[in-house]
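So you can see what is in the structure, the chains are spelled out below.
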Amino acid sequence: MVNLVVEHLKYRYPLGNELALEDISFEVKKGEFIGIIGENGSGKSTLCQAIVGLVPNFYKGAYGGKVLVKEIEVAQSDVSEISSYVGIVFQNPFTQITGSKLTVYEEVAFGLENLGIPREEMIKRIEESLKLLRLFEYRHFNPFELSGGQMQRLAIASVIAMKPDILVLDEPTSQLDPQGSEEVFQAIQDLAKNGMTIIIAEHKIEKIASYADKIILLHKGKLVDFDTPEKIFSREDIEEYGIVPPVYTRICKSLNVKNEAGFYPVTLEQVYYELVKVYG
Amino acid sequence: MRYLSLYQEGNSLLHKIDPITKLLFVIIAILVPIIINTLTMALAFFIISTLLVFVARAFKRTLPIISFSSLVIITVLFIQGLFYLKNQTPFFTLGPFVFYKEGLLYATGIAIRIFNIINAVAVLIFTTKPSDLIEALVKKGVSPKIGYVFSSVLQIIPQMMSIVDTILDAQKARGLETEGSFTKRAKAFIPLIGPAVLNSLISTKERAMALEVRGFNSKKKKTFLNEVPYNKYSNVLQVALIAILVFSIIWRIISW
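Residues numbered from 1 in each chain as written. Chains lettered and ligands numbered in written order. Predicted model: local features only at pLDDT ≥ 70, side-chain atom pairs only at ≥ 80, totals over all residues. Heavy atoms only, no water.

Caption draft 1: The overall build of chain A, seen in detail. Within chain A one finds eleven helices and ten strands. Its C-alpha atoms give chain A principal-axis dimensions of roughly 60 × 45 × 35 Å. For chain A, the proportion of contacts with a sequence separation of at least 24, taken over those separated by at least 6, is 63%. Working note: accessible area of chain A is about 11600 Å², and carbon and sulfur atoms make up 49% of it. Counting 29 positive and 40 negative side-chain charges, chain A places the centres of these two groups 1 Å from one another. (Helix = DSSP H or I, 4+ residues; strand = E, 2+ residues; numbered from the N terminus. Contact = heavy atoms within 4.5 Å. Areas by Shrake-Rupley, 256 points an atom, 1.4 Å probe, with all protein chains shown as cover. Lys, Arg positive; Asp, Glu negative; His and termini not counted. Charge placed at Lys NZ, Arg CZ, Asp CG, Glu CD.)

Shown next as structure tokens:
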């Protein structure tokens with residue numbers, strides 16, 4: 001079942017001279033884990049924001065093409081209404097805290113209150129998402145007392161409590177320390193296991209390689225490729241797009257170890273599997 | 001966690017009364033002595049609000065506000081005692097100054113009204129969490145956007161202050177002198193303002209987007225996580241307070 005359709009998406013920021021996104025088309029099926037990679041300025045964040053309708057509804061600017069979430073055209077809908085179908089988590093954990101709630105528990109309730117969810121259902125959803133994100137024990141804490149990683153997990157909990165079909169994460173670990181990043185990736189992995197459709201823009205290539213079913217490779221606002229991590233990182237021209245393949249892929253390239261389909265492995269498990277086949 | 005609030009945890013009777021009733025009391029305590037402009041009415045409300053301060057166990061926290069206001073009140077007593085237009089009856093003399101009974105009575109009326117307002121407001125702010133008051137107002141129909149502005153400011157301003165401290169530390173680490181003469185300190189502010197303002201603008205934009213994707217502008221009817229516990233006494237008190245206000249207006253019209 002297709003969850004998200006992007007058709008010939010083009011976008012230019014109000015004060016921009018060049019297209020930030022140029023003729024982007026792809027489809028995402030329910031439960032897929034999609035990574036978006038590309039160097040700085042390639043359009044990763046703009047694409048994430050276009051999926052939730054912030055582009056063009058929040059930024060305005062010139063827009064063409066379509067983004068359909070469950071057959072609803074996001075550009076034609078209010079961002080607030082779309083939030084029940086697709087949620088987004090941004091880079092900075094601090095600015096995602098509303099600042100109007102005094103506890104973690106109330107913070108998760110914020111979006112649900114706005115959507116008019118009945119109180120009993122609200123409590124059920126808050127507790128579910130806090131437990132899933134391993135924040136239940138912090139429910140009485142003030143959100144600003146949490147660490148960066150915990151704050152980012154709170155932002156994810158607040159979004160998933162709204163029960164979106166798709167969760168978009170725009171470099172969620174870029175401002176976190178290694179421990180905070182690990183906590184967030186663990187949480188994302190748990191969500192993926194629960195069948196949530198995840199789209200994540202991320203610079204941590206090793207993580208993307210090990211979690212993603214498919215990867216979107218962007219360069220200067222254009223979609224260069226949309227395929228499996230093995231195919232994307234096996235491209236001979238990958239480094240021309242500012243992407244350094246995962247360390248396992250580079251090792252396999254130097255040893256010329258490929259899988260049955262003829263692509264280089266991207267994770268430790270895949271490398272181990274291929275090496276066992278070769279060396280026994 | 002820094003939070004701009006004067007709320008004092010407690011379990012007094014006034015802590016249990018809902019915020020709207022307390023807010024209504026503050027409004028009545030200010031309006032009624034104005035509508036029925038007699039010293040007796042002002043004194044009656046002053047006594048009630050002072051008693052409520054004691055019931056709320058907030059006297060210690062109210063005392064500094066009263067002490068500070070007393071400085072202003074003493075000035076009023078001096079000026080009115082000496083120069084009130086209707087001064088006729090000398091009350092006492094202090095060196096070359098003659099204080100008149102009419103002026104002193106008038107100033108006493110002002111003092112009682114001011115102390116009444118301070119006590120009434122103290123009862124509200126020391127026994128009510130600002131977030132509870134704002135949420136109660138939003139439930140009564142105040143725009144959620146206005147509610148958000150007030151409730152977020154209480155937490156975000158202290159957070160922004162700590163960001164300014166971080167920027168200041170970063171600038172100090174680069175050799176910026178922030179201590180010394182007034183000119184030196186004023187100069188130190190210039191490299192601080194740029195990053196602080198930019199940071200605030202970026203944060204505001206990001207927070208606006210985060211609110212948007214959490215349904216802040218949703219047209220659906222808002223629901224609330226926190227329920228105001230049903231308190232039959234609150235309803236009785238609210239009706240009684242409104243009745244007092246209506247009665248005082250009627251009284252004023254009749255006695256005009």
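Caption draft 2: Quick peek at the domain arrangement of chain B. Assigned domains of chain B: these are domain 1 (13-129 + 228-254) and domain 2 (143-212). Look at where the C-alpha atoms of domain 1 of chain B and domain 2 of chain B centre, and you get two points 38 Å apart. (Domains from an automatic or database assignment.)

Caption draft 3: Local environment of the interface of chain A and chain B. Chain A puts 45 residues into the contact, and the matching count from chain B is 36 residues. Roughly 3500 Å² of surface becomes buried between chain A and chain B when both sides are summed, with 56% attributable to carbon and sulfur atoms. Where K101 of chain A meets E135 of chain B, a salt bridge forms, and the shortest distance between an N and an O atom there is 3.9 Å. Linking chain A with chain B are 20 residue pairs in polar contact (both at pLDDT 80 or more). Elements that contribute at least two residues to the side of chain A that touches chain B include exactly α1 (44-52), α3 (79-82), α4 (104-114) and α5 (119-132) of chain A. The dominant element in the side of chain A that touches chain B, judged by the number of residues it contributes, is α4 of chain A, at ten residues. Grouping the constituent residues of the side of chain A that touches chain B by class yields 22 nonpolar, 15 polar and eight charged. (Buried area = accessible area lost by both parts, 1.4 Å probe. Salt bridge = Lys/Arg side-chain N within 4 Å of Asp/Glu carboxyl O. Polar contact = N/O pair within 3.5 Å; in protein donor to acceptor, adjacent residues only side chain to side chain. Nonpolar A, V, L, I, M, F, W, Y, C, P; charged D, E, K, R; others polar.)

Caption draft 4: Structural context of the pairing of strand β2 (residues 97-100) of chain B. Residue and element names in this part refer to chain B. Strand direction decides the pairing type here: strand β1 (residues 90-94) and β2, joined by four bridges, are antiparallel. Counted as the bridge partner of T93 is V98 from β2. The turn joining β1 and β2, which pair antiparallel and follow one another in sequence, is formed by two residues; a positive phi near 65° is taken by G95. (Pairing = 2+ DSSP bridges.)

Caption draft 5: Here's a closer look at the side chain of T249 of chain A. Residues and elements named next belong to chain A. Examined against the element boundaries, T249 turns out to sit in helix α10 (residues 247-255). For T249, a relative accessible area of 0% translates into the label buried. Apart from the residues within four sequence positions on either side, T249 is in contact with F233, Y264, P265 and V266. (Buried < 20%, exposed > 50% of the residue type's maximum accessible area, 1.4 Å probe, protein only.)

Caption draft 6: Looking closely at the layout of surface pockets. Residue and element names in this part refer to chain B. Put simply, the second largest pocket is a space of about 330 Å³. Contributing to the lining of the second largest pocket are 18 residues, with S152, I156, M160, T204 and R207 lying nearest its centre. Of all the elements in the fold, those that place two or more residues in the lining of the second largest pocket are α7 (144-173) and α8 (182-212). Ranked by residue count, the leading element in the lining of the second largest pocket is α7, at nine residues. When the residues that make up the lining of the second largest pocket are grouped by side-chain class, the tally is twelve nonpolar, five polar and one charged. (1 Å grid on protein atoms, 1.4 Å probe; cavity = no way out; pocket = protein on both sides within 12 Å on 5 of 7 lines; lining within 4 Å. Points joined across faces, edges and corners; volume = space filled by probe spheres on them.)

Caption draft 7: Highlighting the pattern of salt bridges. Enumeration over the complete set of coordinates arrives at 17 salt bridges over all chains. For E128 of chain A, the salt bridge is made with K163 of chain A, and the minimal N-O distance between the two is 3.1 Å. You can see E128 of chain A sitting in helix α5 and its partner K163 of chain A sitting in the loop between α6 (148-160) and β7 (166-170), a full 35 residues away along the chain. Judged by relative accessible area, which is 38%, E128 of chain A ranks as partly exposed. The partly exposed category is assigned to K163 of chain A, whose relative accessible area is 43%. Linking E135 of chain B and K139 of chain B is a salt bridge whose minimum nitrogen-to-oxygen distance equals 3.7 Å. Here K139 of chain B and E135 of chain B lie together in helix α6 (residues 130-139), a separation of four residues that amounts to about one turn. Since its relative accessible area comes to 32%, K139 of chain B is described here as partly exposed. Residues joined by salt bridges that share partners form a network here, namely K101 and E113 of chain A together with E135 and K139 of chain B.

Caption draft 8: Structural view of the environment of L237 of chain B. All names here are of chain B. Looking at where L237 falls in the secondary structure, it is placed in helix α9 (residues 232-254). Residues L237 and K101 lie 136 residues apart in sequence; the distance between their C-alpha atoms is 38 Å. Among residues more than four places away in sequence, those in contact with L237 are I17 and T21.

Caption draft 9: Up close: the pairing of strand β4 (residues 62-69) of chain A. Residues and elements named next belong to chain A. By the bridge criterion, seven bridges tie strand β1 (residues 2-12) to β4 in an arrangement that is antiparallel. In the sheet register, Y11 faces β4, and the bridge partner there is Y63. Pairing between β4 and strand β5 (residues 72-73): two bridges, direction antiparallel. Note that in β5 the partner of V69 across the bridge is I72. Counted between consecutive antiparallel strands, the loop separating β4 from β5 contains two residues, among which K70 sits at a positive phi close to 50°.

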